[in-house]
Amino acid sequence: MKHKTLTQYLVEQQREHKSVSADVRLLIETVSRACKAISTTVHKGALGGVLGSLGTENVQGEIQKKLDVLSNEILLEANEWGGSLAAMASEEMETIHPIPNEYPKGQNLLLFDPLDGSSNIDVNVSIGTIFSILQVPADAAGRDVTEADFLQPGTRQVAAGYAVYGPQTMLVLTVGAGVMGFTLDSEMGSWLLTHENIRIPEQTAEFAINMSNMRHWEAPVKRYIDECLQGESGPLGKNYNMRWIASMVADVHRILNRGGIFMYPRDSRPSGHKGKLRLMYEANPMSFLVEQAGGRAIDGTKRILDIQPQAVHERTGVILGSRAEVERVQAYHQAVTPA
Ligand code: AHG
Ligand code: MN
Ligand code: MN
(Lines give C-alpha, C1' and ligand atoms only; values in the text may rest on other atoms or scores of the structure.)
(Ligands and ions follow the chains in the order given, each with its own letter.)
Protein backbone atom coordinates (compact mmCIF):
# COMPACT_ATOMS: atom_id res chain seq x y z
CA MET A 1 0.00 0.00 0.00
CA LYS A 2 1.30 3.44 -0.95
CA HIS A 3 1.10 6.00 1.84
CA LYS A 4 0.94 9.73 1.44
CA THR A 5 3.97 11.58 2.89
CA LEU A 6 3.74 14.37 5.45
CA THR A 7 4.89 16.82 2.75
CA GLN A 8 2.12 15.70 0.37
CA TYR A 9 -0.48 15.96 3.12
CA LEU A 10 0.65 19.48 4.05
CA VAL A 11 0.83 20.70 0.45
CA GLU A 12 -2.73 19.42 -0.10
CA GLN A 13 -3.91 21.16 3.06
CA GLN A 14 -2.30 24.38 1.88
CA ARG A 15 -3.47 24.29 -1.73
CA GLU A 16 -6.86 22.65 -1.62
CA HIS A 17 -8.22 23.17 1.87
CA LYS A 18 -6.41 26.38 2.87
CA SER A 19 -6.13 24.98 6.40
CA VAL A 20 -2.42 25.82 6.60
CA SER A 21 -0.36 28.75 5.29
CA ALA A 22 2.89 28.28 3.36
CA ASP A 23 5.06 29.42 6.27
CA VAL A 24 3.26 27.24 8.84
CA ARG A 25 3.65 24.31 6.45
CA LEU A 26 7.40 24.92 6.30
CA LEU A 27 7.53 25.31 10.06
CA ILE A 28 5.78 21.96 10.63
CA GLU A 29 8.22 20.33 8.20
CA THR A 30 11.13 21.80 10.15
CA VAL A 31 9.74 20.67 13.51
CA SER A 32 9.16 17.19 12.08
CA ARG A 33 12.77 17.09 10.84
CA ALA A 34 13.97 17.98 14.32
CA CYS A 35 11.80 15.17 15.73
CA LYS A 36 13.52 12.74 13.35
CA ALA A 37 16.89 13.86 14.73
CA ILE A 38 15.60 13.47 18.31
CA SER A 39 14.28 10.01 17.45
CA THR A 40 17.70 8.95 16.13
CA THR A 41 19.37 10.30 19.27
CA VAL A 42 16.84 8.60 21.57
CA HIS A 43 17.23 5.25 19.82
CA LYS A 44 21.03 5.25 20.29
CA GLY A 45 20.46 5.09 24.05
CA ALA A 46 23.47 4.01 26.07
CA LEU A 47 25.48 3.52 22.84
CA GLY A 48 25.21 7.23 22.13
CA GLY A 49 25.99 8.20 25.72
CA VAL A 50 22.69 10.07 25.93
CA LEU A 51 21.15 8.45 29.03
CA GLY A 52 21.29 9.83 32.55
CA SER A 53 21.08 13.27 34.16
CA LEU A 54 23.11 16.41 33.76
CA GLY A 55 22.68 17.43 37.38
CA THR A 56 21.28 20.85 36.38
CA GLU A 57 17.74 22.05 37.12
CA ASN A 58 15.29 23.71 34.73
CA VAL A 59 13.07 26.68 35.61
CA GLN A 60 10.50 24.30 37.12
CA GLY A 61 13.08 22.92 39.57
CA GLU A 62 13.23 19.56 37.77
CA ILE A 63 16.57 17.77 37.30
CA GLN A 64 17.44 17.93 33.60
CA LYS A 65 18.24 14.69 31.81
CA LYS A 66 20.83 14.79 29.04
CA LEU A 67 18.09 14.10 26.52
CA ASP A 68 15.94 17.01 27.78
CA VAL A 69 18.78 19.38 26.96
CA LEU A 70 19.89 17.68 23.72
CA SER A 71 16.32 17.64 22.37
CA ASN A 72 15.91 21.30 23.27
CA GLU A 73 19.11 22.16 21.38
CA ILE A 74 18.03 20.14 18.34
CA LEU A 75 14.70 21.99 18.19
CA LEU A 76 16.31 25.42 18.64
CA GLU A 77 18.95 24.85 15.98
CA ALA A 78 16.52 23.40 13.45
CA ASN A 79 14.04 26.25 13.84
CA GLU A 80 16.24 29.33 14.18
CA TRP A 81 17.11 30.02 10.55
CA GLY A 82 13.96 28.98 8.62
CA GLY A 83 12.36 32.44 8.53
CA SER A 84 8.87 31.46 9.74
CA LEU A 85 9.36 32.23 13.45
CA ALA A 86 9.67 35.32 15.62
CA ALA A 87 10.46 33.44 18.84
CA MET A 88 10.33 30.10 20.65
CA ALA A 89 9.51 29.01 24.20
CA SER A 90 10.39 25.71 25.83
CA GLU A 91 9.94 23.79 29.06
CA GLU A 92 13.73 23.78 29.33
CA MET A 93 14.28 27.55 28.99
CA GLU A 94 13.30 30.09 31.61
CA THR A 95 12.76 32.93 29.15
CA ILE A 96 11.56 33.04 25.56
CA HIS A 97 14.12 32.60 22.79
CA PRO A 98 13.77 35.34 20.14
CA ILE A 99 15.13 34.49 16.68
CA PRO A 100 18.71 35.88 16.54
CA ASN A 101 19.15 39.02 14.44
CA GLU A 102 21.31 37.26 11.85
CA TYR A 103 18.23 35.35 10.60
CA PRO A 104 15.01 36.58 9.00
CA LYS A 105 12.03 36.77 11.36
CA GLY A 106 8.56 35.37 10.65
CA GLN A 107 5.05 35.71 11.95
CA ASN A 108 4.78 32.59 14.11
CA LEU A 109 5.62 31.50 17.64
CA LEU A 110 6.67 27.96 18.52
CA LEU A 111 6.32 26.38 21.97
CA PHE A 112 7.57 22.95 22.90
CA ASP A 113 8.18 20.33 25.53
CA PRO A 114 11.32 18.93 23.88
CA LEU A 115 11.27 15.64 25.75
CA ASP A 116 8.13 14.56 27.55
CA GLY A 117 8.17 11.67 30.01
CA SER A 118 11.77 12.21 31.12
CA SER A 119 11.44 9.70 33.96
CA ASN A 120 11.07 6.99 31.28
CA ILE A 121 14.26 7.76 29.35
CA ASP A 122 16.61 5.53 31.28
CA VAL A 123 14.16 2.61 31.46
CA ASN A 124 13.50 2.44 27.70
CA VAL A 125 9.80 3.28 27.87
CA SER A 126 8.04 5.55 25.32
CA ILE A 127 8.78 9.27 25.46
CA GLY A 128 7.93 12.14 23.11
CA THR A 129 8.10 15.77 21.96
CA ILE A 130 5.07 18.10 22.12
CA PHE A 131 4.70 21.32 20.13
CA SER A 132 2.24 24.16 19.63
CA ILE A 133 2.21 26.91 16.98
CA LEU A 134 0.69 30.37 17.53
CA GLN A 135 0.81 33.52 15.43
CA VAL A 136 2.50 36.75 16.44
CA PRO A 137 -0.30 39.12 17.53
CA ALA A 138 -1.03 41.90 15.02
CA ASP A 139 -0.06 44.63 17.51
CA ALA A 140 3.48 43.22 17.76
CA ALA A 141 4.25 44.11 14.14
CA GLY A 142 7.50 46.05 13.79
CA ARG A 143 8.83 45.40 17.31
CA ASP A 144 10.56 42.54 19.13
CA VAL A 145 8.17 39.95 20.57
CA THR A 146 7.92 39.54 24.34
CA GLU A 147 6.60 36.80 26.61
CA ALA A 148 3.25 38.66 26.70
CA ASP A 149 2.83 37.98 22.97
CA PHE A 150 2.82 34.24 23.69
CA LEU A 151 0.00 34.49 26.23
CA GLN A 152 -2.86 33.48 23.94
CA PRO A 153 -5.55 30.91 24.71
CA GLY A 154 -5.23 27.47 23.10
CA THR A 155 -8.08 28.23 20.71
CA ARG A 156 -5.60 30.45 18.82
CA GLN A 157 -3.24 27.57 17.98
CA VAL A 158 -2.83 27.19 14.23
CA ALA A 159 -1.25 23.75 14.54
CA ALA A 160 -0.14 21.36 17.25
CA GLY A 161 1.22 17.88 17.55
CA TYR A 162 3.59 15.45 19.12
CA ALA A 163 6.17 12.87 18.16
CA VAL A 164 6.18 9.65 20.14
CA TYR A 165 9.41 7.65 20.34
CA GLY A 166 8.12 4.17 21.06
CA PRO A 167 8.27 0.80 19.29
CA GLN A 168 7.60 2.98 16.25
CA THR A 169 8.30 6.70 15.93
CA MET A 170 5.10 8.53 15.03
CA LEU A 171 4.11 12.13 14.44
CA VAL A 172 0.53 13.04 15.32
CA LEU A 173 -0.58 16.38 13.95
CA THR A 174 -3.51 18.73 13.66
CA VAL A 175 -3.78 21.89 11.57
CA GLY A 176 -7.40 22.25 12.65
CA ALA A 177 -8.70 19.80 10.05
CA GLY A 178 -8.79 16.55 12.03
CA VAL A 179 -5.94 14.52 13.45
CA MET A 180 -3.45 12.66 11.27
CA GLY A 181 -0.86 10.11 12.36
CA PHE A 182 2.38 9.62 10.40
CA THR A 183 4.80 6.75 10.98
CA LEU A 184 8.51 7.36 10.45
CA ASP A 185 10.01 5.14 7.77
CA SER A 186 13.53 5.39 9.15
CA GLU A 187 15.13 3.79 6.06
CA MET A 188 13.62 6.39 3.74
CA GLY A 189 13.65 9.15 6.34
CA SER A 190 10.02 10.03 5.58
CA TRP A 191 6.88 10.43 7.62
CA LEU A 192 4.08 8.37 6.03
CA LEU A 193 0.38 8.88 6.69
CA THR A 194 -0.70 5.63 8.36
CA HIS A 195 -3.49 6.85 10.67
CA GLU A 196 -5.91 9.05 8.77
CA ASN A 197 -8.52 11.09 10.61
CA ILE A 198 -8.08 9.65 14.08
CA ARG A 199 -11.32 9.65 16.13
CA ILE A 200 -11.53 8.92 19.86
CA PRO A 201 -14.29 6.45 20.72
CA GLU A 202 -16.96 8.37 22.72
CA GLN A 203 -17.57 5.82 25.44
CA THR A 204 -14.82 3.69 26.91
CA ALA A 205 -13.81 2.03 30.14
CA GLU A 206 -10.14 2.81 30.66
CA PHE A 207 -8.61 5.45 32.92
CA ALA A 208 -5.08 6.80 33.31
CA ILE A 209 -4.10 8.56 36.53
CA ASN A 210 -1.19 8.32 38.96
CA MET A 211 -3.04 6.47 41.75
CA SER A 212 -0.24 7.14 44.26
CA ASN A 213 -1.53 10.72 44.52
CA MET A 214 -5.04 9.62 45.53
CA ARG A 215 -4.85 11.03 49.05
CA HIS A 216 -4.22 14.51 47.60
CA TRP A 217 -7.07 14.56 45.04
CA GLU A 218 -10.09 16.83 45.15
CA ALA A 219 -13.49 15.24 45.91
CA PRO A 220 -14.85 15.07 42.31
CA VAL A 221 -11.78 13.15 41.08
CA LYS A 222 -11.95 10.79 44.08
CA ARG A 223 -15.63 10.22 43.38
CA TYR A 224 -15.09 9.36 39.70
CA ILE A 225 -12.16 6.97 40.27
CA ASP A 226 -13.99 5.39 43.17
CA GLU A 227 -16.96 4.71 40.90
CA CYS A 228 -14.65 3.29 38.19
CA LEU A 229 -13.15 0.92 40.74
CA GLN A 230 -16.59 -0.36 41.75
CA GLY A 231 -16.94 -1.84 38.26
CA GLU A 232 -20.10 -3.42 36.90
CA SER A 233 -21.96 -3.38 40.19
CA GLY A 234 -21.18 0.32 40.82
CA PRO A 235 -22.97 3.45 39.55
CA LEU A 236 -21.08 3.44 36.21
CA GLY A 237 -22.23 -0.12 35.44
CA LYS A 238 -19.05 -1.30 33.72
CA ASN A 239 -15.66 -2.73 34.58
CA TYR A 240 -12.80 -0.28 34.05
CA ASN A 241 -9.20 -1.00 33.12
CA MET A 242 -6.25 1.17 34.21
CA ARG A 243 -3.03 2.28 32.45
CA TRP A 244 -0.38 4.83 33.52
CA ILE A 245 2.74 5.22 31.39
CA ALA A 246 3.98 8.47 33.03
CA SER A 247 4.65 9.99 29.59
CA MET A 248 1.74 12.22 28.68
CA VAL A 249 2.59 11.69 25.01
CA ALA A 250 2.30 7.92 25.27
CA ASP A 251 -0.85 8.06 27.42
CA VAL A 252 -2.54 10.51 25.03
CA HIS A 253 -1.42 8.43 22.04
CA ARG A 254 -3.20 5.41 23.52
CA ILE A 255 -6.32 7.48 24.18
CA LEU A 256 -6.40 8.87 20.64
CA ASN A 257 -6.20 5.34 19.29
CA ARG A 258 -8.45 3.37 21.60
CA GLY A 259 -10.18 5.86 23.87
CA GLY A 260 -10.23 6.33 27.62
CA ILE A 261 -9.61 9.21 30.00
CA PHE A 262 -6.29 10.75 31.09
CA MET A 263 -6.11 12.80 34.26
CA TYR A 264 -3.39 14.82 35.93
CA PRO A 265 -5.72 16.82 38.17
CA ARG A 266 -4.99 19.71 40.48
CA ASP A 267 -4.51 18.42 44.02
CA SER A 268 -4.02 19.60 47.57
CA ARG A 269 -0.20 19.41 47.61
CA PRO A 270 1.52 22.80 47.77
CA SER A 271 3.07 21.91 44.38
CA GLY A 272 -0.26 20.62 43.02
CA HIS A 273 -2.66 23.54 43.50
CA LYS A 274 -2.38 24.59 39.88
CA GLY A 275 -1.78 21.05 38.57
CA LYS A 276 1.46 19.52 37.32
CA LEU A 277 1.32 19.79 33.56
CA ARG A 278 2.16 22.99 31.73
CA LEU A 279 -0.69 24.78 29.98
CA MET A 280 1.04 26.20 26.93
CA TYR A 281 3.28 23.38 25.71
CA GLU A 282 1.64 20.26 27.19
CA ALA A 283 -2.07 20.80 27.90
CA ASN A 284 -2.98 23.13 25.00
CA PRO A 285 -1.46 21.14 22.12
CA MET A 286 -2.86 17.88 23.52
CA SER A 287 -6.28 19.46 24.06
CA PHE A 288 -6.32 20.76 20.47
CA LEU A 289 -5.56 17.24 19.20
CA VAL A 290 -8.10 15.59 21.49
CA GLU A 291 -10.89 18.01 20.51
CA GLN A 292 -10.03 17.61 16.83
CA ALA A 293 -10.41 13.86 17.33
CA GLY A 294 -13.88 14.29 18.87
CA GLY A 295 -12.85 14.16 22.53
CA ARG A 296 -12.94 16.73 25.35
CA ALA A 297 -10.27 18.41 27.49
CA ILE A 298 -10.95 20.33 30.72
CA ASP A 299 -9.03 21.58 33.76
CA GLY A 300 -11.80 20.28 36.04
CA THR A 301 -14.59 22.77 35.41
CA LYS A 302 -13.46 24.66 32.29
CA ARG A 303 -12.42 23.88 28.73
CA ILE A 304 -8.59 24.02 28.66
CA LEU A 305 -8.42 25.73 25.25
CA ASP A 306 -10.37 28.73 26.62
CA ILE A 307 -7.95 29.46 29.49
CA GLN A 308 -6.20 32.84 29.20
CA PRO A 309 -2.56 32.09 30.12
CA GLN A 310 -0.80 34.40 32.59
CA ALA A 311 2.71 32.99 32.06
CA VAL A 312 4.48 30.75 29.57
CA HIS A 313 5.31 28.13 32.25
CA GLU A 314 1.86 28.22 33.91
CA ARG A 315 0.45 24.87 35.06
CA THR A 316 -3.06 23.49 34.86
CA GLY A 317 -5.14 20.50 35.86
CA VAL A 318 -5.70 18.20 32.87
CA ILE A 319 -8.60 15.83 32.28
CA LEU A 320 -8.96 14.73 28.67
CA GLY A 321 -10.15 11.91 26.44
CA SER A 322 -13.41 10.23 25.49
CA ARG A 323 -16.28 12.68 25.49
CA ALA A 324 -18.73 10.91 27.78
CA GLU A 325 -16.13 10.18 30.46
CA VAL A 326 -14.71 13.74 30.50
CA GLU A 327 -18.21 15.24 30.63
CA ARG A 328 -19.01 13.03 33.61
CA VAL A 329 -15.93 14.24 35.51
CA GLN A 330 -16.80 17.84 34.58
CA ALA A 331 -20.33 17.36 35.95
CA TYR A 332 -18.85 16.05 39.23
CA HIS A 333 -16.68 19.18 39.47
CA GLN A 334 -19.59 21.47 38.63
CA ALA A 335 -21.70 19.81 41.31
CA VAL A 336 -19.27 21.14 43.93
CA THR A 337 -18.12 24.33 42.12
CA PRO A 338 -20.97 25.61 39.93
CA ALA A 339 -19.54 27.05 36.66
P1 AHG B 1 8.19 16.05 31.60
O2 AHG B 1 8.99 14.80 31.48
O3 AHG B 1 8.15 16.85 30.32
O4 AHG B 1 8.55 16.88 32.79
O5 AHG B 1 6.66 15.65 31.77
C6 AHG B 1 6.31 14.58 32.61
C7 AHG B 1 4.83 14.66 32.87
C8 AHG B 1 3.95 13.88 31.93
O9 AHG B 1 4.52 13.44 30.77
C10 AHG B 1 3.46 12.71 32.72
O11 AHG B 1 2.12 12.45 32.43
C12 AHG B 1 3.64 13.13 34.15
O13 AHG B 1 4.62 14.13 34.16
C14 AHG B 1 4.09 11.98 35.00
O15 AHG B 1 4.09 12.41 36.30
P16 AHG B 1 4.28 11.43 37.56
O17 AHG B 1 5.72 11.04 37.54
O18 AHG B 1 3.88 12.30 38.72
O19 AHG B 1 3.36 10.24 37.37
MN1 MN C 1 6.19 16.94 29.65
MN1 MN D 1 9.83 17.65 29.16
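About the criteria used
- Residues numbered from 1 in each chain as written.
- Chains lettered and ligands numbered in written order.
- Predicted model: local features only at pLDDT ≥ 70, side-chain atom pairs only at ≥ 80, totals over all residues.
- Heavy atoms only, no water.
- Near = heavy atom within 4 Å.
- Areas by Shrake-Rupley, 256 points an atom, 1.4 Å probe, with all protein chains shown as cover.
- Helix = DSSP H or I, 4+ residues; strand = E, 2+ residues; numbered from the N terminus.
- Nonpolar A, V, L, I, M, F, W, Y, C, P; charged D, E, K, R; others polar.
- Domains from an automatic or database assignment.
- Buried < 20%, exposed > 50% of the residue type's maximum accessible area, 1.4 Å probe, protein only.
- Pairing = 2+ DSSP bridges.
- Contact = heavy atoms within 4.5 Å.
- Axes fitted to C-alpha atoms, helices over the stretch in contact; angles between N-to-C directions.
- Donors = N, O, S within 2.8 Å, 3.2 Å for Na, K, Ca; no water.
- 1 Å grid on protein atoms, 1.4 Å probe; cavity = no way out; pocket = protein on both sides within 12 Å on 5 of 7 lines; lining within 4 Å.
- Points joined across faces, edges and corners; volume = space filled by probe spheres on them.
- Expected span 1.5 Å × (residues − 1).

Draft legend 1. Structural view of the site of ligand 1. Taken together, 18 residues lie near ligand 1, and Asp116, Ser118, Asn210, Met248 and Tyr264 sit nearest. Relative to its unbound accessible area of 470 Å², ligand 1 is 86% covered by the protein chains. Mapped by element, the contributors of at least two residues to the shell around ligand 1 are β5 (108-116), β13 (261-264) and β14 (277-278). Among the residues forming the shell around ligand 1, the class breakdown is 7 nonpolar, 4 polar and 7 charged. Here the shell around ligand 1 gathers at least three residues from each of two domains, domain 1 (6-195) and domain 2 (206-336).

Draft legend 2. Structural view of the pairing of strand β8 (residues 169-174). Of all 6 residues in β8, 6 are buried; the element is thus mostly enclosed. Every second residue of β8 is oriented toward a common face, with Thr169, Leu171 and Leu173 on one face and Met170, Val172 and Thr174 on the other, all of them buried. In this sheet, β8 lies alongside strand β7 (residues 159-165) in antiparallel orientation, the contact comprising 6 bridges. The residue of β8 that forms the bridge with Val164 is Met170. Hairpin connection of β7 to β8: 3 residues between the antiparallel strands. Of the pairings in the sheet, the one linking β8 to strand β9 (residues 180-185) comprises 4 bridges and is antiparallel in character. In the strand pairing of β9, Val172 is matched with Gly181.

Draft legend 3. Broad picture of the sheet that holds strand β12 (residues 241-242). Strand order in this open sheet of 5 strands is β12-β11-β13-β17-β15, and the pairing throughout is mixed. Two strands lie at the open edges of the sheet, namely β12 and β15 (296-298), each paired on one side alone. Summarising the sheet, β15 and strand β17 (residues 318-321) pair through 3 bridges and their orientation is antiparallel. Opposite Ala297, over in β17, you have Leu320 as the bridge partner. Sitting on the sheet, helix α5 (residues 219-229) touches β11 (206-208) and β13, and the angle it makes with β13 is about 140 degrees. Along the sheet face, helix α7 (residues 279-292) touches β15 and β17 and points at about 25 degrees away from the line of β17.

Draft legend 4. Examining the coordination of the manganese ion (ligand 3) more closely. Surrounding the manganese ion (ligand 3) are the protein donor atoms Glu91 (OE), Asp113 (OD) and Leu115 (O), at 2.2 Å. Written as a sequence motif, the donor arrangement for the manganese ion (ligand 3) is E-x21-D-x1-L. Between the manganese ion (ligand 3) and the manganese ion (ligand 2) the interatomic distance amounts to 3.7 Å, and Asp113 serves as a bridging ligand to the pair. Residue Glu91 is found in the loop between β3 (85-90) and β4 (97-98), and its partner Asp113 is found in strand β5; the two are separated by 22 residues along the sequence. Glu91 gets classed as buried once you look at its relative accessible area, which sits at 5%.

Draft legend 5. Structural view of the layout of surface pockets. Its volume calculated, the largest pocket comes out at about 410 Å³. Forming the walls of the largest pocket are 24 residues, and the residues nearest its centre are Gly117, Ser118, Ser119, Ala246 and Lys276. When residues of the lining of the largest pocket are traced back to their parent elements, those giving at least two are β5, α6 (248-258), β13 and β14. The element contributing the most residues to the lining of the largest pocket is β5, with 3 residues.

Draft legend 6. Summary view of helix α3 (residues 66-80). For α3, spanning 15 residues, the distance from its first C-alpha to its last is 21 Å, which sits close to the expected 21 Å at 1.5 Å a residue. Every buried residue of α3 is accounted for by Leu67, Asp68, Ser71, Asn72, Leu75, Leu76, Ala78, Asn79 and Glu80. Looking at the buried side of α3, the elements it contacts are α2 (22-44), β2 (63-65), β3, β4, β5 and β6 (127-135).

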